[in-house]
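Survey of secondary and tertiary structure
Each chain is listed here by its residues.
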Amino acid sequence: EGFDAQGKKYYQNKMVGKVGHKAKVGAVEISSILSYLHVDNTVVQFITCHESRSKLGPFVWSYFSRQQVHVQEGRQQQQQQQ
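Residues numbered from 1 in each chain as written. Predicted model: local features only at pLDDT ≥ 70, side-chain atom pairs only at ≥ 80, totals over all residues. Heavy atoms only, no water.

Concerning the packing of aromatic side chains
By convention here, two paired aromatic rings are described through the distance between centres and the angle between planes. All chains considered together, the criterion is met by three aromatic pairs. Residues F59 and Y63 carry aromatic rings whose centres are separated by 6.2 Å and whose planes lie at 25° to one another, so their mutual orientation is stacked. Within this pair, F59 and its partner Y63 are both found in helix α4 (residues 56–81), separated by four residues, close to a single helical turn. What makes F59 partly exposed here is its relative accessible area of 31%. Among the residues examined, Y63 registers a relative accessible area of 19% and is labelled buried. Grouped by ring-pair contacts, the aromatic residues F59, Y63 and F64 constitute a single cluster. (Phe/Tyr/Trp six-rings, centres within 6.5 Å; stacked < 30°, edge-to-face > 60°. Helix = DSSP H or I, 4+ residues; strand = E, 2+ residues; numbered from the N terminus. Buried < 20%, exposed > 50% of the residue type's maximum accessible area, 1.4 Å probe, protein only.)

Next up, the structure:
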């Protein structure tokens, strides 16, 4: 099925232009697959300047801390239901 049934049909279920060493899959393609599978995801680009790189650590810490809170809340709800 996918997000683009018309495009799939038009290109006869083949990835056009993705051959050989140029057939790299990037973050946006992975994000599309994860979204299709109903997996929450975020694509964030950090460029090479110091200002951008200095935000990488805090972003990762915040992202995974938030995930941990959701896991803990889910466990608490399961315990309350038992």
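Structural notes on the side chain of S31
Tracing the backbone shows S31 in helix α2 (residues 27–36). For S31, a relative accessible area of 16% puts it in the buried group. Setting aside residues no more than four positions away along its own chain, S31 makes contact with N41 and V43. (Contact = heavy atoms within 4.5 Å.)

Remarks on the confidence of the model for the protein
Confidence along the protein averages 78 in pLDDT terms, with 77% of residues attaining 70 or more. No element of the protein has a lower mean pLDDT than α4, which averages 74, and none a higher one than α2, which averages 88. (pLDDT = per-residue confidence, 0-100.)

Concerning the pattern of salt bridges
Within this structure, the stated rule accounts for one salt bridge. Across the pair E51 and K55 runs a salt bridge, and its minimum N-O distance is 3.8 Å. Overall, E51 belongs to the exposed group, its relative accessible area being 53%. (Salt bridge = Lys/Arg side-chain N within 4 Å of Asp/Glu carboxyl O.)

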